[in-house]
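Below, each chain spelled out in residue letters.
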Amino acid sequence: MIAPLSLQQLQQRFGGELLNGSIEFSAVCTDTRKLDNEALFVALRGENFDAHDFLGQLEGKVRGVVTEQPIEGSELPQWVVADTTIALGQIGLLCREQFDGPVIGITGSCGKTTVKEMLSAIFGQRHKVCVTQGNLNNHFGVPMTLFSLEPEHQVMIVEMGASGPDEIGYLCSIAKPQITAVNNVMPAHVEGFGSIDGIATAKGQIYTSLQNGGVAVVNADDNYADYWRGRMPEGVRTLEVGFGHQWAVHPDNIVLNALGCPAFDLVIEGVSHPVKLQLLGEHNVHNALVAAGCAYAAGIPVAEIAEGLSLAGSVGGRMQSFRGKSGAAVIDDSYNANPGSVSAAIELLAQRDGKKILVLGDMAELGPDADKSHREMGRLALERGIDQLFTLGPLSAAASIEFASGHQHNPRNFSEREALIQALVPELDEGTTVLVKGSRSARMELVVQALTDGN
Ligand code: ATP
Ligand code: UDP
Ligand code: MG
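Below is a summary of the structure that appears in this document. This one's a predicted model, so the numbers in the text were calculated from it and none came from an experiment.

Procedures and definitions
- By convention here, each chain's residues receive numbers from 1 onward along its written sequence.
- Chain letters start at A and ligand numbers start at 1, both assigned in the order the entries are written.
- Predicted model: local features are reported for residues with pLDDT of at least 70 only, side-chain atom pairs are reported and counted for 80 or more only, and whole-chain, interface and lining totals are derived from all residues.
- With hydrogens and water set aside, each side-chain value is computed from the structure's full complement of heavy atoms.
- We call an atom a donor if it is N, O or S and sits within 2.8 Å of the metal, or 3.2 Å for Na, K and Ca. Water is not counted, so some sites may look partial.
- The secondary structure listing takes helices from DSSP runs of H or I that are at least 4 residues long and strands from runs of E that are at least 2 residues long, numbered from the N terminus.
- Accessible area is worked out with a 1.4 Å probe on protein chains only. A residue is then buried under 20% of its type maximum, exposed over 50%, and partly exposed in between.
- Side-chain atoms within 4.5 Å link the members of a nonpolar core, which is a set of buried Ala, Val, Leu, Ile, Met, Phe, Trp, Tyr and Cys residues.
- Contacts are assigned to residue pairs that have any heavy atoms within 4.5 Å of one another.

Before going further, it helps to examine the coordination of the magnesium ion (ligand 3). Taken together, the protein donors to the magnesium ion (ligand 3) comprise Thr113 (OG1), Asn135 (OD1) and Glu159 (OE), at separations of 1.9 to 2.1 Å. Expressed as a motif, the donor residue spacing for the magnesium ion (ligand 3) is T-x21-N-x23-E. Remark: glutamate 159 occurs in strand β10 (residues 155-159) and threonine 113 occurs in helix α3 (residues 112-124); sequence separation between them is 46 residues. Grouping residues by exposure puts threonine 113 and glutamate 159 together as buried.

This is how it looks when you write it as structure tokens:
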């Protein structure tokens, strides 16, 4: 936190009831297993626990408590509220209001963490950056990011995720970003939104929440670009990024090195500087353009942006390249999967020399489109010349069937991870690239582990 806050401040601004007087606090904690005696404890309910059940243990160990039920017989100062999750956001908002520097907000279906890390690399060259840790991008994670603001910070980068219609609007109401981007819209988490149009509207709240003077970084290549342009609030400037030369931020002369890492000239409003990404895949050129647009809107010169992008390293489980068994190249993209990111992975794999094997676990949360989407991925793998497809789980069987019908062999779909690994390992040799991908729930990192163990 930049400066201490008090319970009284919170109660006066947001209502609720104060018990046992006010206190000042300079940190927030939500887990009784990791207490801090300078902190305010906020009792949250999760899938496994209700932290209200542990409040009796807190006497003398924290400064005060935010709770939905007064703690019986306790002398701890308490702010009693109707909803502690909302209270967490309200504390986050007060932390945000202590910060004067630029705040950048990133949402989108995939690539948010990658863009966030790119921005962190760009700004980190010359600035103290407050940035979302890991993937803490929801109504718990965004307040945590706001609590982590410290006096030395000069810029804040906030990843915002959504699995339902009004979440981005809510996150913007507490983080108040002035420079925002929707990285892309793809069918991810469709179940929570109803349709892909629903996703575009929900993510567009990152633009409609902007205040006068804000900058909207728009992915001009996205199908919804026009839809968003038509909905910008007054006084918001739009900065267009895309692959075409007509856009303010665009790439020129893209080449992929032997590993599949792109190099290109970054062009912003006519000024050009070379970038050499350390990240695999052409989709990272797009991510780089969005990061570049946001950094440029915050006043960073093109050369500094280009140099920062070239420093950005890969994030665990996102297209990381390893040497695997029998000398095969193993690309770990096991962090998550939806049709957009699987397509990007197939494109990357298609460009490799030698034998190309895709190992795909189920893509989750696709709602009624699940079967069709999996079939499309099998078809795309076939069309792009992937040599073998191994799939794990009931949904991805559809991909295997589609792929195998083109190759006229039996589908290689497995219900057990071990059986898949046993069938896969004999296929590996020095000339082979294996790309492993699947939704979080498919735990495909265990396949990567098995393929790289001992190497
Ligand atoms: P989450 O919603 O889980 O927070 P995210 O939006 O933060 O995801 P990343 O973690 O950066 O996204 O990447 C997730 C997956 O999407 C990885 O497999 C990555 O390779 C792929 N990916 C990243 N950027 C793009 C892109 N622009 N287009 C397609 N796929 C992408
Ligand atoms: N919690 C706690 N003490 C415990 C177990 C849980 O304070 O011994 C808190 C935890 O930090 C979280 C809340 O209770 O804020 C709900 O926990 P759960 O594990 O259900 O939720 P998650 O953190 O997985 O969302
Ligand atoms: Mg993320």
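The structure having been displayed, the exposition proceeds.
Within the largest apolar cluster, 52 residues are counted, with the highest numbers of intra-cluster contacts made by Phe25, Ile91, Met160 and Tyr207. Element by element, the count of residues in this core is highest for helix α2 (residues 84-97), at six residues. Isoleucine 91 has contacts with Leu5, Leu10, Phe25, Val28, Leu40, Val42, Val66, Trp79 and Phe147, leaving out every residue within four places of it along the chain. In terms of nonpolar packing, the next biggest core, distinct from the first, is built from 40 residues, Leu119, Val131, Val290 and Ala292 among them.

A word on unusual backbone geometry. Even without being a glycine, lysine 176 presents a positive backbone phi close to 45 degrees. You can see lysine 176 is positioned in the loop between α5 (167-175) and β11 (179-182). Its identity is not glycine, yet methionine 319 carries a phi of approximately 50 degrees, on the positive side. By the element assignment, methionine 319 lies in the loop between α10 (302-311) and β17 (320-323). Residue class for methionine 319 comes out buried when judged on its relative accessible area of 6%.

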